[in-house]
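# Fold and contact review
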Amino acid sequence: MRLTIRRRAGRRAALLAVGAMTAGLLLTAPQQATAGPPNLLSNPGFETAGPAGADMPSCWSKSGWGDNDFSFATVAEAHTGTKAMKVSLTRRVEGDRKALVTENSTCAPTVTPGKQYDLSAWYKSDTPDVSVTVFRRDTTAGWQYWTDLQNPPVSAAWARTEVRTPAVPPNTDKIAWGLSVYGVGTLTTDDYALEEVGAVPPQPACSGTAEECAKGKWEVIPAKNPVRSMHAVVLKNGKVLLIAGSGNDIAQFNAGTFTSAVYNPANGTFKTVPTPVDMFCAGHVQLADGRVLVMSGNKGYPSGDGRIGYQGLKDSYVFDPATETYTKTNDMNGGHWYPSATILGNGDVISFGGLKEDSTGNVTAEKFSAAQNKWLPMNEVNQTWSYWGLYPSMILMQDGRLFYSGSHTFGNGTPGTGASIYNYDANTITDVPGLRNKDQRDESASVLLPPAQDQRVLTIGGGNNETNPAANRITDIIDLKKPSPGYTAGPDLPQGLVDTGTGKRPQTGAEGKMYVSAVLLPDGKVLETGGALHDRADPVFEASFFDPTTNTYQPGLATDPIPRTYHSASFLMPDGRVMSVGDNPGNGTYNHNVSIYTPPYLFKGARPQITSVIDTQWVYGDTQRITVNRPIAKAELIRPAAVTHSSDPNQRFVDLPMTVNGNNIDLNVTSNPNLAPPGWYMLFAVDANGVPSLATWVHLGGPSALAATQEQPSAHEHSFADELGPAKQNPAKRDSVPVAPSVAGCDRHYGTVNVCVPTRFPAEVKETARARCDWLASHQYPKRLKVNGSDPLRLDPDRDGYAC
């Protein structure tokens, strides 16, 4: 028998499993809530009336928003004492109503940053649309929404709901909370409590060297990556799919030699896998069942003189982790070399951008239907006829819209501000402001910061493949919960050492990096690592942690000893370590070494253990019980990586609010599939020192009704990006847009197609044949590069048909 409470089987339905094994999950023996320590709330049972003329008990306020009919009443049907609070909604178009702890210095309890608090209340409700909603007072910005923690199930009798907050963010001195009702029905509550979690975490004991405990440790494993991988996907069984296709090697393409490999971290081995077409620079995403959808790829390399660019395939395949084989789907409507791939809340996949079969820019949206297991005909997909560049970063928002972050591999942004919100249902695109240096975002990275519920996106670095300036160190952050979201400046990227071909030197001035990897970690931080100063050259050796709670970088981490520039990837493994593969500089070489990073949290003593997971098949709105061997501070789901070219728009970290009863932890699963699209996730339990457990794989899904885009992001979020400026006018129907063959920053007049002589050399290189040839030599380009046709860079002064 499974120990689980199914909170919802649909938007307006709930099932409460009650039995010997579930009786203790949310229903406990009656207890009297008392004012004063340990309960930090004043008037927790509504017994004290408000001042003369007030229509609410002392320290309680009416709260809520939206278009609904409601009533508040202090009633005698109490859990204890003589009073309780009843809130009813008789009509609802939008919004919620709740009794909220009054947000003032007298009534709102004082809290300590970094501490956690247990919130509990007794309630009766006839609607599943109830949430525990928490606000916090920022010492600078004042009162603001913090988080929704739980959706208590329907209960005709008095039931107790309890949930633990995350660690209180910095600069927070008070919190207020209440139970929100946001569906037609009645909610009665009584005996609230807020108690500080008293356990003091043990001081971490360093199990490595002092440097390892502060900076982590990189090691290069003995086994070499057998393929020139361009793509990396962490599979639902913990193995890693590495896709090369032709591996940016025209000789392999001409021979029809296309490769993939599966890495097994359990024994450190690689297995090569037959690969049907050239998946070099394809798109990929994990479907709800754990298979990997791989779309497009390379139909043809550029011509020797550069007049014809790369050409995209229409082909699409599904990789099955169980059989480790590819199976063909139907074709896409057009070629998409470098397409985006974003899974939606209903399990469908949407794809934009890339190059068509004729090397022009593809302006059509493509949609893969999960229900039909096929790409839909173009006339069944909404079209804006917009060009999004190559590998545009399209991140699913909590209401089902898509956020184009402004990051891409090639393309230098879209017209306007460089970032925008795309509403598929309305078929509109609306620009959002604030992204700095929008035309120097080639090979930048964007990531939905932990937790996904906060709806904040970070962009990191980037450059311009065509003009080839030094990569920047700019980071920008956007909060999509705001009514009119816009990017604000984040802290500059830390600097490290750069190898410009004559040895490593410290970075200076505004030097940053492109091709940066950004990896979500179980402790809630983001590891940024790898990258280069210029297009396909000059690797940067630097790594740091970005902390979303403080918006700061922790610089000076251990650095990967292997350069990681173009066609590299870094990604989280189920054991909490990070794996890095690939490096394909402009001279056409490829680095087959594989690096593993052990973060500092794995040198802080023994890990917590998830000793049991009652159910690995999770449904939206569930409460799921796990057991752990010792106290933990948080638990989360992390979607496994599917990364290429600094891009993984589906990467996300979803917080799981906890109800703690000793070593039994009840996890509250989001009811919004747009926050956590269906599929397999890594479940981590993390202690107060940030030390994660080994991941347990769980599958998140649910009835199709749950997967529909929800009209309201959550119980209270009523200003979520709803005051955007006017939408842009969509272009008229068109076949494509022209894209210059130089979009990748390579001058094809020299050498073979997989050698990238820069169209523009770095600014410090003089515009002479000697200076340019010296630069090529210092970066280990082939000594004799054949000149294909004309010599625009004047690299063949003796006109013998060979550069330098």
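Residues numbered from 1 in each chain as written. Predicted model: local features only at pLDDT ≥ 70, side-chain atom pairs only at ≥ 80, totals over all residues. Heavy atoms only, no water.

### Examining the overall build of the protein chain
As a reminder, the rule being used: Numbering of helices and strands runs from the N terminus; a helix is a DSSP stretch of H or I covering at least four residues, while a strand is a stretch of E covering at least two. Here the globule rule reads 2.2 Å times residues to the power 0.38, and the radius of gyration is calculated from C-alpha atoms. Relative accessible area decides the class of each residue, using a 1.4 Å probe on protein chains only: under 20% of the type maximum gives buried, over 50% gives exposed, and in between gives partly exposed. In this analysis, two residues are considered to be in contact whenever any of their non-hydrogen atoms come within 4.5 Å of each other. Two residue types count as positive, namely Lys and Arg, and two as negative, namely Asp and Glu; His and chain ends fall outside the count. For the purpose of locating charges, the reference atoms are NZ of Lys, CZ of Arg, CG of Asp and CD of Glu.
Looking only at helices and strands, the protein chain features 5 helices and 61 strands. Expected size for 804 residues packed as a compact globule is a radius of gyration near 28 Å; at 28 Å, the protein chain falls within 12% of this value. Its C-alpha atoms give the protein chain principal-axis dimensions of about 100 × 60 × 50 Å. Within the protein chain, the proportion of its 804 residues that are buried is 63%. Long-range pairs, those at least 24 residues apart, make up 64% of the contacts in the protein chain with a sequence separation of at least 6. The distance from the centre of the 70 positive side-chain charges to the centre of the 77 negative ones in the protein chain is 2 Å.

### Focus: the state of the cysteines
Let me state the cut-off plainly: A pair of cysteine sulfur atoms is labelled a disulfide when the two atoms are within 2.5 Å.
Under the counting rule described, the total for this entry stands at 4 disulfides. Here C59 connects covalently by a disulfide to C107, the sulfurs 2.1 Å from one another. Of note, the bridge from C59 to C107 carries an S-S torsion of about -70° and is left-handed in sense. Separated by 48 residues along the polypeptide, C59 in the loop between α1 (23-26) and β2 (60-65) and C107 in the loop between β5 (96-101) and β6 (117-125) bring together distant segments of the chain. There is no split in this pair, since C59 and C107 are both buried. Disulfide partner of C746: C756, at an S-S distance of 2.0 Å. Between C746 and C756, the S-S dihedral sits near -95°, and the bridge is therefore left-handed. With a gap of 10 residues between them, C746 in strand β58 (residues 746-747) and C756 in the loop between β58 and β59 (757-758) connect regions that are remote in the sequence.

### A few points about the sheet that holds strand β8 (residues 142-150)
Keep this limit in mind: Whether two strands pair comes down to DSSP finding at least two bridges between them. Note on definitions: angles span 0 to 180 degrees between N-to-C directions of axes, and those axes are lines fitted to C-alpha atoms, for helices only across the stretch in contact.
On the basis of which strands lie adjacent, the open sheet formed by 5 strands has the order β2-β5-β10-β7-β8 and antiparallel pairing. With partners counted over all chains shown, the strands left at the sheet margins are β2 and β8, one partner each. Strand after strand, the sheet turns through a mean of 30° between neighbouring axes, direction not considered. Sheet topology note: the β2/β5 ladder contains 6 bridges and is antiparallel.

### Some remarks on the sheet that holds strand β39 (residues 526-529)
Taken together, the 4 strands give an open sheet; going across it, the order is β38-β39-β42-β43, and neighbouring strands pair in antiparallel fashion. Looking at strand neighbours, the two that pair on one side only are β38 (517-520) and β43 (552-554), the edges of this open sheet. Each adjacent strand pair in this sheet contributes to an overall mean axis angle of 30°, direction not counted.

### A few points about the environment of S131
To be explicit about the condition: What qualifies as a polar contact is a pair of N or O atoms within 3.5 Å, subject to a donor-acceptor requirement within protein and to the restriction that residues adjacent in sequence count only when both atoms come from side chains.
Within the fold, S131 resides in strand β7 (residues 130-138). When the C-alpha positions of S131 and P152 are compared, they lie 6.5 Å apart, and in sequence the two are 21 residues distant. Separated by 3.1 Å, the side chains of S131 and T133 make a polar contact.

### Re the pattern of salt bridges
Put simply, the rule is: Basic side-chain nitrogens of Lys or Arg form a salt bridge, by our definition, when they fall within 4 Å of a carboxyl oxygen of Asp or Glu.
Scanning the entire structure with this criterion turns up 34 salt bridges. The shortest N-O distance in the salt bridge between R577 and D575 comes to 2.8 Å. In this structure, D774 engages R770 in a salt bridge whose closest nitrogen and oxygen atoms are separated by 3.4 Å. Taken together, the residues D774 and R770, both in helix α5 (residues 769-778) and 4 residues apart, mark about one turn of the helix. Assessed through its relative accessible area of 41%, D774 is described here as partly exposed. Taken together, the shared-partner salt bridges connect D67, D69 and R91 into one network.

### Some remarks on unusual backbone geometry
The omega angle of the peptide bond from P450 to P451 is -15°, so this bond is cis rather than trans. Checked against the element boundaries, P451 lands in the loop between β32 (445-448) and β33 (456-462). Of note, N171 is a non-glycine position whose phi angle comes to about 65°, a positive value. Structurally, N171 can be placed in the loop between β9 (155-164) and β10 (172-181). On the accessibility criterion, N171 (48% relative accessible area) is partly exposed. Unlike most non-glycine residues, E443 shows phi in positive territory, near 55°. Relative to the assigned elements, E443 resides in the loop between β31 (428-431) and β32. Its relative accessible area of 0% is what places E443 among the buried residues.

### As for the pairing of β38
Neither face of β38 is left uncovered, since the one carrying S517 and V519 and the one carrying A518 and L520 both have all their residues buried. The pairing of β38 with β39 spans 4 bridges and is classified as antiparallel. Across the sheet, the residue bridging to S517 is T529, located in β39.

### A look at the confidence of the model for the protein chain
The following threshold applies: As a per-residue measure, pLDDT reflects the predictor's confidence and takes values from 0 up to 100.
Of all residues in the protein chain, 93% attain a pLDDT of 70 or more, and the chain-wide mean is 92. A low-confidence stretch, residues 1-35 stays under pLDDT 50, and its non-local contacts, those more than four residues away or across chains, total 96 contacts. When the criterion is pLDDT under 50, residues 705-713 qualifies, and its contacts beyond four places in sequence or with other chains add up to 28 contacts.

### Topic: the nonpolar core
Applicable threshold: Throughout, nonpolar core names a set of buried Ala, Val, Leu, Ile, Met, Phe, Trp, Tyr and Cys residues whose side chains join them through atoms within 4.5 Å.
L527, F571 and M579 are the most contacted members of the largest nonpolar core, which totals 53 residues. No other element matches strand β55 (residues 679-686), which puts 4 residues into this core. If you look at the next biggest cluster of nonpolar residues, it comprises 38 residues, including A452, Y487, A635 and L637.

### Considering the packing of aromatic side chains
Operational definition: Only rings of Phe, Tyr and Trp enter the pairing, Trp through its six-membered ring, and a pair is recorded when the two centres are within 6.5 Å. The plane angle decides the type: under 30 degrees is stacked, over 60 is edge-to-face, the rest tilted. Lysine and arginine charges are scored as sitting over a ring when NZ or CZ, respectively, is within 6 Å of the ring centre and within 35 degrees of the ring normal.
Using the criterion set out here, one finds 30 aromatic pairs in the structure. On the basis of an interplanar angle of 45° and a centroid distance of 6.0 Å, the ring pair of F403 and Y487 is categorised as tilted. Of this pair, F403 sits in strand β29 (residues 402-404) while Y487 sits in the loop between β34 (472-479) and β35 (488-489), and the two are 84 residues apart along the sequence. We classify Y487 as buried; its relative accessible area is 6%. Ring pairing ties together the aromatic residues F253, F258, F280, Y301, Y310, W337, Y338, Y391 and F410, which thus form one cluster. Over the aromatic face of Y317 sits the side chain of K328, whose NZ or CZ is 5.6 Å from the ring centroid.

### Let's talk about the pairing of β10
Most of β10 sits out of view: 9 of its 10 residues are buried. By the bridge criterion, 2 bridges tie β5 to β10 in an arrangement that is antiparallel. Bridge pairing in β10 links K98 to S180. One ladder, built from 9 bridges, connects β7 with β10; its direction is antiparallel. Looking across to β10, one finds that V132 is bridged to L179.

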